[in-house]
Amino acid sequence: MPTITQALILIAILSLGTAITRFLPFVFFPNAESAPPYVHYLGKMLPTAAISLLVVYCFREIELTAAPHGLPEVIAIAAVAALHIWKKNTLLSIAAGTVVYMGLVQFVF
Amino acid sequence: MIKNLPKAFKAAFPHTIPVLTGFIFLGIAYGILMSGRGFGWYWILLTSVVVFAGALQFVGISLLTSVFDPLYAFLIAISVNARHLFYGISMLEKFSGTGKIKPYLIFGMCDETFSILCSTEPPENVDKRAFMFAVTALHQSYWVVGGVIGGLIGPLLTFDTYGIDFVMTAFFVVIFINKWRASKNHAPALIGLGAATAGVLVFGADNFIIPAMILIIVCLTVFRKQLAKGEE
């Protein structure tokens, strides 16, 4: 467990690292007009690809070869997807999916 | 000076309601997790104000409770948030000419703020810059308030919160479904899923993000002709 000073240093570093990822493109291309068409093309395609990356990121530590073989995650995600396609209510989908997941990992698996 | 700020907040608020509910909920989950590791509400306030990156703040809980390793923390911050590079490239045009508020718009650009700013236009009588500032500031305030509430009620909770961090997963899945339904061109989504999955399989859970990002860029570059066509 880090000391208070160490915790403050860690938070400062997390803040700095995050800021670098957010500011870097604007440092490279201070004027949007001067960015080449290739960069504009990437700007259109990247958001969706990045969200997909995030979804996989959430599942990165599931062990398919050991019990429970990722079943709680698969079931809860199926619940989120089904509910969201049906009701299109962001909060409802998230809340219900989380309750399903917590129930599964606490009482079933 | 930004013109008519109160008007902009009024116009922005309805657009931020889904994030209000989501962020209060996620923020409370974050606050509960932090307080469970012995961090009081003022620590949550601090991280949510100066870091303001949900995924990293969740990952950061374990960094704050294990052996002190600043370099590792920095590399984690860069790789977990590397996707922001993609957002920045997407917002170059929209943020140009925003003057004094530009640094805050860039600082506050989380996943949710990004998706609203790139998909929503303010009403004609509302200043565009003030609108973007309002969305960003509202989102961050929801996140901060949710976290502090979680930090305050966390110690009082008697039920088992194991598994509550799944809210983050569910949130990204919902964003993914929304993006999928909003576009007929599913190639970027499929490239993202494929590259990330390949990255996990080849490089493992802890090191896959940067290789996956490079693979995404390579795929988008190689298939640029076909993809740019599909977008028109």
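Residues numbered from 1 in each chain as written. Chains lettered and ligands numbered in written order. Predicted model: local features only at pLDDT ≥ 70, side-chain atom pairs only at ≥ 80, totals over all residues.

Residues and elements named next belong to chain B. Between helix H2 (residues 41-50) and helix H8 (residues 128-153), the shortest axis-to-axis distance is 8 Å and the interhelical angle comes to 160°. In terms of axis orientation, H2 runs roughly antiparallel to H8. By crossing handedness, the relation of H2 to H8 is classed as right-handed. Side by side, H2 and H8 meet where Trp41, Ile44, Leu45, Ser48 and Val49 of the first sit next to Trp143, Val144, Gly147, Val148, Gly151 and Leu152 of the second. Classifying every residue of the contact of H2 with H8 by side-chain character gives eight nonpolar, three polar and no charged. (Axes fitted to C-alpha atoms, helices over the stretch in contact; angles between N-to-C directions. Helix = DSSP H or I, 4+ residues; strand = E, 2+ residues; numbered from the N terminus. Parallel < 35°, antiparallel > 145°, perpendicular 65-115°, else oblique. Left-handed = near helix turned anticlockwise from the far one by under 90°. Contact = placed C-beta atoms within 7 Å. Nonpolar A, V, L, I, M, F, W, Y, C, P; charged D, E, K, R; others polar.)

Before going further, it helps to examine helix H3 (residues 71-87) of chain A. Taking 1.5 Å of rise per residue, the 17 residues of H3(A) would be expected to cover 24 Å, and the 24 Å separating its terminal C-alpha atoms lies within 8% of that figure. Taken as a whole, H3(A) has its buried residues at Pro72(A), Ala76(A), Ile77(A), Val80(A), Leu83(A) and His84(A). Buried residues of H3(A) fall within an arc of 135° about the axis and therefore sit on the same side. H3(A) presents Ala78(A), Ile85(A) and Trp86(A) as exposed residues on the side facing more than 90 degrees away from its buried surface. Packed against the buried residues of H3(A) are helix H4 (90-108) of chain A together with helix H9 (166-182) of chain B. After H3(A) finishes, the residue Lys88(A) shows a positive phi value of roughly 55°. (Expected span 1.5 Å × (residues − 1). Buried ≥ 20, exposed ≤ 12 C-beta atoms within 10 Å, placed from the backbone. Arc of directions from axis to C-beta.)

A rise of 1.5 Å per residue sets the reference length of helix H3 (residues 54-65) of chain B, with its 12 residues, at 16 Å; its end C-alpha atoms lie 17 Å apart and thus fit the reference within 8%. Within H3(B) the residues assigned to the buried category are Gly54(B), Leu56(B), Gln57(B), Gly60(B), Leu63(B) and Leu64(B). Projection of H3(B) onto a plane perpendicular to its axis shows the buried side chains occupying an angular sector of 140°, all on one side. Those residues of H3(B) that are buried are in contact with helix H1 (4-28) of chain A together with helix H1 (5-36), H2, helix H4 (70-80) and H9 of chain B.

A common measure of how large an interface is: the accessible area buried when the components associate. On the side of chain B, 73 residues touch chain A, which itself brings 62 residues to the contact. Contributions of two or more residues to the side of chain A that touches chain B are made by H1, helix H2 (37-58), H3 and H4 of chain A. Here the side of chain A that touches chain B gets 19 residues from one element, more than from any other, and that element is H2(A). Considering only residue class, the side of chain A that touches chain B consists of 43 nonpolar, 15 polar and four charged.

Okay, the packing of H1(A) against helix H5 (residues 83-95) of chain B next. Put simply, H1(A) and H5(B) touch, their axes get as near as 8 Å, and they point 35° apart. Considering only the axes of H1(A) and H5(B), their crossing is right-handed. Where H1(A) approaches H5(B), its residues Thr21(A), Arg22(A), Leu24(A), Pro25(A) and Phe26(A) are matched on the opposing element by His84(B), Leu85(B), Gly88(B), Ile89(B) and Leu92(B).

The next thing to look at is the environment of Arg60(A). Assignment of secondary structure puts Arg60(A) in the loop between H2 and H3. Assessed through the 15 C-beta atoms surrounding it within 10 Å, Arg60(A) is described here as partly exposed. A C-alpha to C-alpha distance of 19 Å links Arg60(A) and Phe109(A), two positions 49 residues apart in sequence. Those residues in contact with Arg60(A) that sit more than four places away from it in its chain are Val200(B), Ala205(B) and Phe208(B).

On to the confidence of the model for chain A, then. A low pLDDT means the predicted coordinates there should not be read in detail. Residues of chain A with pLDDT of at least 70 account for 99%, and the chain-wide mean is 89. Looking over chain A, one finds the lowest element-wise mean pLDDT in H2(A), namely 84, and the highest in H1(A), namely 96. (pLDDT = per-residue confidence, 0-100.)

Before going further, it helps to spend a moment on the nonpolar core. In this structure, Ala29(B), Ala134(B), Val167(B), Phe171(B), Ala212(B) and Ile216(B) are the most contacted members of the largest nonpolar core, which totals 97 residues. For this core, the element with the most residues is H1(B), which contributes 13 residues. There are two domains that each give this core at least three residues, and those are domain 1 (1-58) and domain 2 (63-109) of chain A. Not counting residues up to four positions away in its chain, the partners in contact with Ala29(B) are Gly150(B), Ile164(B), Asp165(B) and Val167(B). (Core = buried A, V, L, I, M, F, W, Y, C linked by C-beta atoms within 7 Å. Domains from an automatic or database assignment.)

Okay, unusual backbone geometry next. We note that Lys88(A) has phi near 55°; this positive angle belongs to a residue other than glycine. Mapped onto the elements of the fold, Lys88(A) is located in the loop between H3 and H4. With 13 C-beta atoms counted inside 10 Å, the residue Lys88(A) sits in the partly exposed group. In this structure, Phe52(B) takes a positive phi of about 45° despite not being glycine. Along the chain, Phe52(B) falls in the loop between H2 and H3.

All names here are of chain A. The topology assignment puts Ala76 in helix H3. C-beta crowding within 10 Å serves as the criterion here: with 25 such atoms nearby, Ala76 is assigned to the buried category. Between the C-alpha atom of Ala76 and that of Thr5, which follows or precedes it by 71 residues, the distance is 40 Å.

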